[in-house]
Amino acid sequence: MKTKVSASILSADFGNLEREFRRAEASGCDMVHFDVMDGHFVPNLSYGVPVLKSIRKYCSLPFDVHLMITDPLKFIDAFADAGADHITFHQEVGSDPEEVIAKIRSRGLTAGISVKPKTPVELVYPLLKQLDMVLIMTVEPGFGGQGFIPETLEKISALRSEAQRQGVELDIEVDGGIGFNTSPKVRHAGANVLVSGSYLFKADDMAAAVASMRR
Ligand code: DX5
Ligand code: ZN
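Residues numbered from 1 in each chain as written. Chains lettered and ligands numbered in written order. Predicted model: local features only at pLDDT ≥ 70, side-chain atom pairs only at ≥ 80, totals over all residues. Heavy atoms only, no water.

Thoughts on the overall build of the protein
- Along the backbone of the protein there are 8 helices and 8 strands.
- In terms of overall dimensions, the protein is globule-like: its C-alpha atoms have a radius of gyration of 16 Å, near the 17 Å expected for 215 residues.
- Considering only C-alpha atoms, the protein reaches an extent of 40 × 35 × 30 Å along its principal axes.
- Here the protein, with 215 residues, has 55% of them falling under the buried criterion.
- Within the protein, contacts between residues separated by at least 24 positions form 65% of all contacts whose residues are at least 6 apart in sequence. (Helix = DSSP H or I, 4+ residues; strand = E, 2+ residues; numbered from the N terminus. Rg over C-alpha atoms; globule rule 2.2 N^0.38 Å. Buried < 20%, exposed > 50% of the residue type's maximum accessible area, 1.4 Å probe, protein only. Contact = heavy atoms within 4.5 Å.)

Following this line, the structure appears as structure tokens:
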């Protein structure tokens, strides 16, 4: 499985976003990861629909939208209209997951569900056939620049085995504390989509940083 790299713009220079997009494109990133935080589901605020809408035309990469919000269903249409290509929502928010997945796919986008570090990954097993992606959070969601939680590796390998058992070609994404030292571990466990924010955007040579995550 080819490793895809999704650059989390939470750590980008927002005064020069267009330049950051050129850097991500030229460095071989596969996607841009767009973290939406509502101050309820996570103890932080970030950015939302109007920002996505206005920056979309400046970037040629697909937008991988990560909704850390309590009521994802309410905002799927708005994010789809704003130019999202993929939407991931959280298992813990208590929405009817099948309804949210169906809504995302009805808009022609790919759908993902995410679990926080302490949420058992088994909870998403009944949904695998409807999903394109499962995002295993490798830090507590809310902030960039945190340390990778090693206990999440077991969840990745358990999920990869279960997807194979069900015959599902699933993208397994990891998010939080991913860089050159953690990439081999998560890939070995079965992850194939690596989100990285601070490691990539703080690198002097982003292309070298991306390449180091694929090695
Ligand atoms: C955290 C976000 C991440 C964050 C990752 O809640 O979901 O996408 O940007 O940042 P790093 O790569 O710096 O840990
Ligand atoms: Zn994220």
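Side note on the site of ligand 1
- Neighbouring ligand 1 are 20 residues, the closest being Ser8, Asp35, Gly142, Asp175 and Ser198.
- Measuring from an oxygen atom of ligand 1, one finds a side-chain N or O atom of His66 at 3.3 Å.
- Within the contact set of ligand 1, an oxygen atom lies 2.5 Å away from a side-chain nitrogen or oxygen of Ser198.
- For ligand 1, whose unbound accessible area comes to 390 Å², protein coverage reaches 99%. (Near = heavy atom within 4 Å. Polar contact = N/O pair within 3.5 Å; in protein donor to acceptor, adjacent residues only side chain to side chain. Areas by Shrake-Rupley, 256 points an atom, 1.4 Å probe, with all protein chains shown as cover.)

A look at the nonpolar core
- Formed by 62 residues in total, the largest nonpolar core has its most connected members in Phe34, Leu128 and Leu159.
- When near neighbours in sequence (up to four residues on either side) are disregarded, Leu159 contacts Val121, Val124, Tyr125, Leu128, Val134, Ile136, Leu170 and Ile172.
- Counting 5 residues, the second largest nonpolar core, distinct from the first, contains Met37, Phe41, Val42 and Val93. (Core = buried A, V, L, I, M, F, W, Y, C linked by side-chain atoms within 4.5 Å.)

Points about the pairing of strand 5 (residues 110-115)
- Counting buried residues in strand 5 gives 5 out of 6 residues, a clear majority hidden from the surface.
- The parallel pair strand 4 (residues 86-90) and strand 5, bridged by helix 4 (residues 97-106), forms a crossover whose chirality is right-handed.
- Sheet topology note: the strand 5/strand 6 (residues 133-137) ladder contains 4 bridges and is parallel. In the strand pairing of strand 6, Val115 is matched with Ile136. (Right-handed = clockwise from strand over helix to strand, strands pointing away. Pairing = 2+ DSSP bridges.)

As for the layout of surface pockets
- Approximately 240 Å³ is the volume found for the largest pocket.
- In terms of lining residues, the largest pocket is bounded by 24 residues, among which Phe143, Gly144, Gly145, Asp175 and Gly176 are the most central.
- Mapped onto the lining of the largest pocket, the elements with two or more residues apiece are strand 2 (31-37), strand 3 (63-68), strand 8 (193-196) and helix 7 (198-201).
- Here the residues of the lining of the largest pocket sort into 10 nonpolar, 12 polar and 2 charged. (1 Å grid on protein atoms, 1.4 Å probe; cavity = no way out; pocket = protein on both sides within 12 Å on 5 of 7 lines; lining within 4 Å. Points joined across faces, edges and corners; volume = space filled by probe spheres on them. Nonpolar A, V, L, I, M, F, W, Y, C, P; charged D, E, K, R; others polar.)

Focus: the packing of aromatic side chains
- The tally for this structure, following the rule as stated, stands at 5 aromatic pairs.
- Here the aromatic rings of Phe14 and Tyr47 are separated by 5.4 Å at their centres, their planes lie at 35 degrees, and the arrangement is tilted. Residue Phe14 is found in the loop between strand 1 (4-8) and helix 1 (17-26), and its partner Tyr47 is found in the loop between strand 2 and helix 2 (49-55); the two are separated by 33 residues along the sequence.
- Overall, Phe14 belongs to the partly exposed group, its relative accessible area being 38%.
- Judged by relative accessible area, Tyr47 falls into the buried class, the value being 11%.
- Arranged with centres 6.2 Å apart and planes meeting at 55 degrees, the rings of Phe34 and Phe63 form a pair that is tilted. Of this pair, Phe34 sits in strand 2 while Phe63 is found in strand 3, placing the two residues 29 residues apart along the sequence. We note that Phe34, like Phe63, is buried.
- Put simply, the rings of Phe14, Phe21, Phe34, Tyr47 and Phe63 pair up and form one aromatic cluster. (Phe/Tyr/Trp six-rings, centres within 6.5 Å; stacked < 30°, edge-to-face > 60°.)

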